[in-house]
Amino acid sequence: MARVVQKFGGSSVADAESIRRVARRVVETQRAGHQVTVVISAMGDTTDELFDLAKQVSTNPPARELDMLLTAGERMSAALLAMAIDDLGAQARSYTGSQAGVITTAAHGNARIIDITPGRIEKALAKGYIVIVAGFQGVAQDTKDITTLGRGASDTTAVALAGALGAEHCEIYTDVDGVFSADPRIVPQARRLPRISYEEMLELAATGAKVLHLRCVEYARREMVPIHVRSSFSDRPGTWVTHYEEGDAMEAALISGVSHDRSEAKITVVGVPDQIGKAARVFSVIAEADIDIDMIVQNASVGDHSTAISFTLADAERPKAIEALRAVQAEIGFADVTYDDAIGKVSIIGVGMRSHPGVTARFFSALAQAGVNIEMISTSEIRISVVVDENDVEAAVRAAHTAFGLDSSSGEAVVYAGTGR
Ligand code: ADP
Ligand code: ASP
Ligand code: MG
């Protein structure tokens, strides 16, 4: 009897009818002879709505209480799904992340899974129950407080459980038919990728393709869990995220996908004295504030022997970063700190670019033809990213998608549900 883990995202359980539809699929899987563990997200945009509510009662909601609040969303859908399954004559048991043995760090809002102790799940599966686990949450090892694993992290709960339970694979059910060559919401000609390597998927997830949570892909690669991303609204095959065999990369397309991210902002430290150690100080201050940065550009020193250093970071971290820099302005001796939150990042990803020169030229030419100005650039072995004006993001994604021959005429890029929030 094979074990599978199935995860259903928020748009797949947005209302009562959707929950009943998911229940039918889960029960069918069990009746086909599988031991089924389901990881469930909060209904529709519930997490965003709970977040908005918290902001209405407090200007700065305490992180511990925010986690108590947000985890309620997943708990509701877990219990409702168990009821819908019961109604179909099968037996289900729902569990919170804590009950399911998801042990995490104490970093509220962004906790990491440090261990999974799935004793209760094992027992329930052995008794023939369908197990339902509330996604995106756990319990901190030290404080025993309830934690959340970051936005979109029900994917990570699912893959981590698949690893711990020795499941054959992990199915991620969402509102599109798999991983596409670009977000189908902005590129209707995007093509479904039947297969993608963990490596490429990591880059796509890290650069904004929210179809899979970044840490879920990291986990899957480490634990060798194959992921099948597919739609809960159709029976079409989706995308397999797996290891590439030797030779696969040779046949790989030059570019597998184009991603975009509007969640970053750019901070510029102006008039930094052009002296050894100043850049180090700027970034030490940011690191001490526990802020991750993405791209960096330092302008060449001009007549007054000062430079400007720009870097990008999550827009949510921007106020904290600016505050930290202002506190050391006199000490470092820079003139000012400015920011721009109307930026977007567009990336092209593909293992094929390792062995093909000219990819950068083709990408930048496509942007130029689309009238898009490039503000910053960064690259890895299999990725090229640029920062552009927020208003140019969609044009840039479409231009790159066309330039690398990714446009498909099959009309398969269907978006079945969701608000894209
Ligand atoms: P869920 O609620 O099921 O977790 P998400 O909204 O987190 O779903 O992720 C699915 C969404 O990811 C799709 O609706 C799509 O708009 C977006 N997306 C972004 N990039 C891609 C891509 N390359 N392939 C497929 N979907 C993508
Ligand atoms: N409900 C959570 C969120 O919206 C987790 C998830 O859906 O994966 O971020
Ligand atoms: Mg998601």
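This text gives an overview of the structure that appears in the document. Note that the structure is predicted; figures quoted are calculated from it, not measured. (Residues numbered from 1 in each chain as written. Chains lettered and ligands numbered in written order. Predicted model: local features only at pLDDT ≥ 70, side-chain atom pairs only at ≥ 80, totals over all residues. Heavy atoms only, no water.)

This part covers helix H12 (residues 359-369). Every buried residue belonging to H12 is among Val359, Phe363, Ala366 and Leu367, and all of these are buried. Buried residues in H12, looked at end-on, bunch into an arc of 100°, giving them a common side. Away from the buried face of H12 by more than 90 degrees, exposed residues Ala368 and Gln369 are located. Elements in contact with the buried residues of H12: strand E18 (343-349), strand E20 (383-389) and helix H13 (393-403). Downstream of H12 by one or two residues, glycine 371 has phi in the positive range, about 75°. (Buried < 20%, exposed > 50% of the residue type's maximum accessible area, 1.4 Å probe, protein only. Helix = DSSP H or I, 4+ residues; strand = E, 2+ residues; numbered from the N terminus. Arc of directions from axis to C-beta. Contact = heavy atoms within 4.5 Å.)

Turning our attention to the packing of aromatic side chains. The tally for this structure, following the rule as stated, stands at 4 aromatic pairs. Here phenylalanine 8 and tyrosine 173 contribute two aromatic rings whose centre-to-centre distance is 4.6 Å and whose plane-to-plane angle is 10°, an arrangement assigned as stacked. Here tyrosine 173 lies in strand E9 (residues 169-174) and phenylalanine 8 lies in strand E1 (residues 3-8), a separation of 165 residues in the sequence. Neither residue differs from the other here; phenylalanine 8 and tyrosine 173 are each classed as buried. Pairing phenylalanine 363 with phenylalanine 364 gives two aromatic rings, centres 5.7 Å apart and planes at 45°, and the pair type is tilted. Residue phenylalanine 363 is classed as buried on the basis of its relative accessible area of 0%. For the cation-ring pair, arginine 21 lies above phenylalanine 233, with the distance from its terminal atom to the ring centre recorded as 4.3 Å. (Phe/Tyr/Trp six-rings, centres within 6.5 Å; stacked < 30°, edge-to-face > 60°. Lys NZ or Arg CZ within 6 Å of the ring centre and 35° of its normal.)

Another point: the site of ligand 1. If you check the shell around ligand 1, you find 18 residues, and the closest are Thr174, Asp175, Phe180, Asp183 and Arg185. Between an oxygen atom of ligand 1 and a side-chain N or O atom of lysine 7, the distance comes to 3.0 Å. Note that an oxygen atom of ligand 1 is positioned 2.7 Å from one of the side-chain N or O atoms of threonine 174. When ligand 1 is considered free in solution it has 570 Å² of accessible area, and contact with the protein chains removes 90% of it. Residue composition of the shell around ligand 1, grouped by class: 8 nonpolar, 5 polar and 5 charged. (Near = heavy atom within 4 Å. Polar contact = N/O pair within 3.5 Å; in protein donor to acceptor, adjacent residues only side chain to side chain. Areas by Shrake-Rupley, 256 points an atom, 1.4 Å probe, with all protein chains shown as cover. Nonpolar A, V, L, I, M, F, W, Y, C, P; charged D, E, K, R; others polar.)

Turning our attention to the nonpolar core. Core analysis: the largest hydrophobic core is formed by 48 residues, its most contacted members being Leu212 and Ile227. Element by element, the count of residues in this core is highest for helix H5 (residues 154-165), at 6 residues. Those residues in contact with leucine 212, other than ones at most four positions away along the chain, are Asp155, Ile172, Met201, Ala205, Val217, Ile227, Val229 and Val241. (Core = buried A, V, L, I, M, F, W, Y, C linked by side-chain atoms within 4.5 Å.)

What follows concerns the packing of helix H1 (residues 16-31) against helix H3 (residues 63-87). Two numbers describe how H1 lies on H3: the axes approach to 9 Å, and their chain directions differ by 60°. As far as their axial angle goes, H3 and H1 are oblique. As H1 runs across H3, the sense of the crossing is right-handed. Side by side, H1 and H3 meet where Ile19, Arg20, Val22, Ala23, Val26 and Val27 of the first sit next to Leu80, Leu81, Ala84, Ile85 and Asp87 of the second. By residue class, the composition of the contact of H1 with H3 is 9 nonpolar, no polar and 2 charged. (Axes fitted to C-alpha atoms, helices over the stretch in contact; angles between N-to-C directions. Parallel < 35°, antiparallel > 145°, perpendicular 65-115°, else oblique. Left-handed = near helix turned anticlockwise from the far one by under 90°.)

Packing of helix H2 (residues 46-57) against H3 leaves a shortest axis separation of 9 Å and a crossing angle of 150°. Looking at the two axes, H2 sits roughly antiparallel to H3. Our pair here, H2 against H3, has a crossing hand that is right-handed. Side by side, H2 and H3 meet where Thr46, Thr47, Leu50, Phe51 and Ala54 of the first sit next to Leu66, Leu69, Leu70, Gly73 and Glu74 of the second. The residue makeup of the contact of H2 with H3, split by class, is 6 nonpolar, 3 polar and 1 charged.

Before going further, it helps to examine the sheet that holds strand E7 (residues 137-140). Spatial ordering of the open sheet is given by E5-E4-E7-E8, a layout of 4 strands whose pairing is mixed. Both outer strands of the open sheet, strand E5 (113-116) and strand E8 (146-148), are each paired with one neighbouring strand and no more. Between one strand and the next, the sheet's axes are offset by a mean angle of 45°, whatever the strand orientation. Of the strand pairs in this sheet, E7 and E8 are connected by 3 bridges, and their pairing is antiparallel. Opposite glycine 138, over in E8, you have threonine 147 as the bridge partner. Taken strand by strand, H5 contacts E5 and E7, and its axis lies near 40° from that of E5. (Pairing = 2+ DSSP bridges.)

Checked against the element boundaries, lysine 7 lands in strand E1. Residue lysine 7 is classed as buried on the basis of its relative accessible area, which comes to 7%. There is a polar contact of 2.7 Å between the side chain of lysine 7 and the side chain of aspartate 155. Here lysine 7 is in contact with Val39, Ser41, Ser154, Asp155, Ala158, Glu171, Ile172 and Tyr173, once residues within four sequence places are set aside.

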